[in-house]
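# A structural walkthrough
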Amino acid sequence: MSSFGFLDLAIVLSVIFIGVRLGGIAIGYTGGIGVILLGVLCGIKPGEIPTSVILIIMSVIAAISAMQLAGGLDYLVSVAEKILRKNPKKINYLAPTITYFLTILAGTGHTAFSMIPVIVEVAKEQNIKPKAPLSLAVVSSQIAITASPVSAAVVYLSGVLEGFGYSYIAMLGVWIASTYLACIITAFLVTKFSNLDLSSDEYYQELLKKGEIVKKEKSTQIISKEAKLSVAIFIIGVLAVVCYATYLSGLKAEQIIIPRDSAIMCVMLSIATFIVLVSKINTSKIIDTSVFKSGMNACVCVLGVAWLGDTYVSAHSAEIKDFAKNLVEQYQFLLAFAFFFASMLLYSQAATAKAIVPSVIVALGLSENPENAKIIIASFAAVSALFVLPTYPTLLGAVGMDDTKTTRIGRYVFNHSFFIPGVLMIILSVALGFLFVKFI
């Protein structure tokens, strides 16, 4: 422990813990305090600010916020609601599938917020405890970040590993196949081995007797033509990003005029422009949308924790390199554990990847052994352990919006409704990742 700087590590863990306790954006604030303390008390120079990750998040959120104001997200939710209501008995499979692909498209798991009330109502209608589809849906929306072509985490890691001979499309294929299949298998296990009978829940019966369970009316919102166009524009933009990234993978560095990170930002800002022109929305209201607020919250969190993480890691890169090399060479799956526990504290897939991957690349000697990059690719889904501490916004939203109170946070913090499905999903994703990565 001393080789990693006991005081340094204590400062890092302490400020992260305080940030988690304060909740929300505070973890970004305390990250700044941590950088100051590491500099003043330990003589450590500030690390690299994750500028590219933050700018990508900002540009993607700018486009999604414009689409939300144009009614695009409402349109997507209405389509998803129709799918759920047509197949209500399959809600444990459809709920995570819908939130998974909404995240794949949007690059943010916060889109799951809009589906939570619908999932609760459909589950109640089928006498299914909402905690089952809700827990699956929330965790699926988190793990889908590691498979979204426009998420900052995927953009960062694929950009780094392309230099070692792995194509963007091949990596994306592994991540989509492994994570989605893990979501479905987890849904099957939860459905098979959980007591889903809502009427058997004693607390729910008490709420019924008190008249505290209210049936909500089905959505009758009218979707405008502009809302549908905004979704079409956004989808075209996402496809353009994927196609351009694929095109770049076949070029040499000196042939590339617009790098992929810059291209994503340009495309996303262009998408926002076209949506504004087509829908004629009031741009001054974009900053009031829920997506914009949650996105800017994410930027501050990534700034604080990723900067703090890089400051600590840079100061102890030699020790971390030796430690990681010895462990990962003997037990490849341990990298997934490192990703898991780091993301649990760092509160962000992108921040976790940014803080840990550079040291792992050196530790695994990818320059001499590029084949070792497959360990990172297979383990990547483990950066999605944001559900472990019950403080993530979509998790809290699911607990708050489930009026049956079957979705709960236990008194021991970790014994909440999302823990077991989340751990299962990550274990399966990593296991499948090691299986699929052999084919690239």
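On a predicted model such as this, the values are computed, not experimentally measured, just so you know. Sequence order sets the numbering: in each chain, residues are counted from 1 along the sequence as written. Per-residue local features are limited, in this predicted model, to residues with pLDDT of at least 70; the limit for side-chain atom pairs, both in listing and counting, is 80 or more; totals at the level of whole chains, interfaces and linings are taken over all residues. Only hydrogens and water are set aside when side-chain values are computed; all heavy atoms of the structure are taken into account.

Quick look at the side chain of Ser 148 now. Inspection of the secondary structure puts Ser 148 in the loop between α7 (131–143) and α8 (152–161). When checking whether two residues touch, look at their non-hydrogen atoms; a contact exists if any pair is within 4.5 Å. Ignoring sequence-local partners within four residues, the contact set of Ser 148 consists of Thr 103, Ile 104, Gly 107, Val 154 and Leu 172. Secondary structure elements are defined from DSSP: runs of H or I of at least 4 residues count as helices, runs of E of at least 2 residues count as strands, and each element is numbered from the N terminus.

So, on to the pattern of salt bridges. In the sections that follow, a salt bridge refers to a side-chain nitrogen of Lys or Arg positioned within 4 Å of a carboxyl oxygen of Asp or Glu. Scanning the model with the defined rule gives 5 salt bridges in all. The residue Lys 354 makes a salt bridge to Glu 48 at a minimum N-O spacing of 4.0 Å. Separated by 306 residues along the polypeptide, Lys 354 in helix α16 (residues 349–363) and Glu 48 in the loop between α2 (26–42) and α3 (51–69) bring together distant segments of the chain. Partly exposed residues are those whose accessible area sits between 20% and 50% of the maximum for their type, while under 20% is buried and over 50% is exposed, using a 1.4 Å probe and protein chains only. Residue class for Lys 354 comes out buried when judged on its relative accessible area of 12%. A salt bridge links Glu 125 to Arg 85; the shortest N-O distance between them is 3.0 Å. With Glu 125 in helix α6 (residues 116–125) and Arg 85 in helix α4 (residues 72–86), this residue pair connects regions lying 40 residues apart in the sequence.

Attention shifts here to the layout of surface pockets. The definitions used throughout rest on a 1 Å grid laid over the protein atoms alone, on which a cavity is an enclosed set of points accommodating a 1.4 Å probe that cannot get out and a pocket is an open set flanked by protein within 12 Å on both sides along at least five of seven lines; lining residues are those having an atom within 4 Å of a point. Grid points are joined across faces, edges and corners, and a volume is the space filled by probe spheres set on the points. By volume, the second largest pocket is sized at about 350 Å³. Lining the second largest pocket are 18 residues, with Lys 131, Ser 194, Ser 417, Ile 420 and Pro 421 positioned closest to its centre. Among the elements of the structure, α7, α9 (168–193) and α19 (419–436) are those that each provide at least two residues to the lining of the second largest pocket. Ranked by residues supplied to the lining of the second largest pocket, first place goes to α19 with 4 residues.

This paragraph deals with the state of the cysteines. Disulfides are defined in this document as cysteine sulfur pairs within 2.5 Å. Applying the stated criterion across every chain, the model contains 0 disulfides. Cys 243 forms no disulfide, and the closest cysteine sulfur to it belongs to Cys 266, at a distance of 17 Å. On the basis of relative accessible area, Cys 243 is assigned to the exposed category, the value being 54%.

Together, Leu 7, Ile 36, Val 40 and Leu 41 line one region of the surface with nonpolar side chains, adding up to about 410 Å² of accessible area. Per-element accounting of the nonpolar patch gives the leading share, 3 residues, to α2. Positionally, Ile 36 belongs in helix α2. Residue classification places Ile 36 among the exposed residues on the basis of a relative accessible area of 53%. Each patch groups residues whose relative accessible area exceeds 30% and which form no salt bridge, using 9 Å between like charges and 5 Å between nonpolar side chains of Val, Leu, Ile, Met, Phe, Trp and Tyr. All accessible areas in this document rest on Shrake-Rupley with a 1.4 Å probe, and a residue is counted as covered only by the protein chains that are shown.

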